[in-house]
Amino acid sequence: MNVSKIIIDSVNQRAILFGGGFGGNYWSDGVYEMSLLDTMYFGWRQTNVSGPHHKRGYHTFTYDTKLKRGLVFGGDTTDSYPNYNNDVWALDLTVGNEHWTRIYPSGYPIPARCASAYGYDANRNKLYVFGGWDFSQGQIFNDVYELNISTMVWTKFNPTGITPARRRNAAGVFDIFNNNFIVFDGDNYSSMTSETDILFLGSTHPEIGEWMATKEIDRPDISVSSPSVGNVRIRYILPVLSSIKVDIVDMNGRIVKTLYSGTV
């Protein structure tokens, strides 16, 4: 199968695979598991799951670390013609009682889509979704949404800074150590991109993120030209191991204090 998605069921030490296709758009509703404890043989076996049939391709599949379940968002559900969705389903992973339940989040409605980049914040139990596309509407997205899994509320972000290009099939990951949502690569149907974009979420206003593309700040010197009063957040991204020095200067250019000097 292709475009299947896998999560790790940490409670039962198994990998869970769901959905995907057998070629073309013939999506599967099969759920398969592979034990991570069997050191003699790593093999997949189909798991009996009750509840509504739930075939899917190009969806998101996340492991909810709080309630120990799988969560599916969006994707394509139709074999003969693309039919994109914005629904959310929970997969109860209780051994011997695996079953599907549909969930109806509130908040800002996210448009139907598939092939989105996504990342899961395990510390705050939130799912971030970026981009994707809806072929039936001829739409490729570059928007970003947050699903608070604890409250099941969608929030649309309006980040400042450099907006990433519209794309689908991008890779996404959440950096829990620095509170960043990172998106890489993808395509806009006609061409590929190799951009890496980061959504900084560690601000005092978590609903307002800040996109910052590495190519825009990959330069030897960064300066804030206008005077600032109060708290100032300094962010930088280095493509390789580099030496940096962060100085605070006064209006006349004299160094008041060196905040950091070293290799990072």
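Scroll up a little and you will see the structure.
### Digging into the pattern of salt bridges
Argument step 1. Taken as a whole, this structure holds 14 salt bridges when the rule is applied.
Argument step 2. A salt bridge links Glu33 to Arg45; its shortest N-O distance comes to 3.0 Å. With Glu33 in strand 3 (residues 31-35) and Arg45 in strand 4 (residues 45-46), this residue pair connects regions lying twelve residues apart in the sequence.
Argument step 3. Two residues, Arg167 and Asp197, come together in a salt bridge whose shortest N-O distance is 2.8 Å. Placement of Arg167 in the loop between strand 14 (160-161) and strand 15 (171-175) and of Asp197 in strand 17 (residues 196-200) is noted, with a sequence separation of 30 residues between them. In terms of burial, Arg167 and Asp197 fall into one category: buried.
Argument step 4. Through salt bridges with shared partners, a single network forms among Asp9, Arg14, Glu33, Arg45 and Glu98.

### A short note on the sheet that holds strand 7 (residues 84-92)
Two modes of strand pairing occur in sheets, parallel and antiparallel, and in both the strands are linked by backbone hydrogen bonds.
Argument step 1. Pairing is antiparallel across the open sheet formed by four strands, whose spatial order is 5-6-7-8. At either end of the open sheet lies a strand with only one pairing partner, and these are strand 5 (60-64) and strand 8 (99-103). Strand-to-strand twist across the sheet, computed as the mean angle between neighbouring axes with direction ignored, equals 25°.
Argument step 2. Here strand 6 (residues 69-76) pairs with strand 7 via seven bridges, running antiparallel.

### Focus on the sheet that holds strand 12 (residues 139-148)
Argument step 1. Spatial strand order, 9-13-12-11-10: five strands in an open sheet with mixed pairing. Looking along the sheet, the strands with just one partner apiece sit at the ends: strand 9 (106-107) and strand 10 (117-121).
Argument step 2. As judged from the eight bridges shared by strand 11 (residues 126-134) and strand 12, these two strands associate in the antiparallel manner. When the sheet's bridge partners are listed, Val129 is paired in strand 12 with Tyr145.

### So, the packing of aromatic side chains
Argument step 1. Inspection of every chain in the model, using the stated rule, returns twelve aromatic pairs.
Argument step 2. Seen from their ring centres, Phe18 and Phe61 are 5.9 Å apart, and the 65° between their planes marks the pair as edge-to-face. Of this pair, Phe18 sits in strand 2 (residues 14-18) while Phe61 sits in strand 5, placing them 43 residues apart in sequence. Here Phe18 matches Phe61 in class, with each residue buried.
Argument step 3. Pairing Tyr128 with Phe174 gives two aromatic rings, centres 5.3 Å apart and planes at 10°, and the pair type is stacked. On the criterion of sequence distance, the pair formed by Tyr128 in strand 11 and Phe174 in strand 15 is long-range, its members being 46 residues apart.
Argument step 4. For Tyr128, a relative accessible area of 3% translates into the label buried.
Argument step 5. Take Phe174: its relative accessible area is 8%, and that puts it in the buried class.
Argument step 6. Here the aromatic residues Phe73, Tyr108, Tyr145 and Trp154 are joined through ring pairs into a cluster of three or more.
Argument step 7. It is Arg113 that lies over the ring of Phe141; its NZ or CZ is 4.1 Å from the centre.

### Here's the deal with empty space enclosed by the protein
Argument step 1. Considering all chains together, one arrives at one cavity of 30 Å³ or more under this definition.
Argument step 2. Roughly 30 Å³ of volume is contained in the largest cavity.
Argument step 3. Surrounding the largest cavity, Thr60, Leu71, Val72, Phe73, Val88, Leu127, Leu147 and Ile149 form its lining.
Argument step 4. Per element, the largest residue contribution to the lining of the largest cavity is three residues, and it comes from strand 6.

Parameters at a glance
- Residues numbered from 1 in each chain as written.
- Predicted model: local features only at pLDDT ≥ 70, side-chain atom pairs only at ≥ 80, totals over all residues.
- Heavy atoms only, no water.
- Salt bridge = Lys/Arg side-chain N within 4 Å of Asp/Glu carboxyl O.
- Helix = DSSP H or I, 4+ residues; strand = E, 2+ residues; numbered from the N terminus.
- Buried < 20%, exposed > 50% of the residue type's maximum accessible area, 1.4 Å probe, protein only.
- Pairing = 2+ DSSP bridges.
- Axes fitted to C-alpha atoms, helices over the stretch in contact; angles between N-to-C directions.
- Phe/Tyr/Trp six-rings, centres within 6.5 Å; stacked < 30°, edge-to-face > 60°.
- Lys NZ or Arg CZ within 6 Å of the ring centre and 35° of its normal.
- 1 Å grid on protein atoms, 1.4 Å probe; cavity = no way out; pocket = protein on both sides within 12 Å on 5 of 7 lines; lining within 4 Å.
- Points joined across faces, edges and corners; volume = space filled by probe spheres on them.

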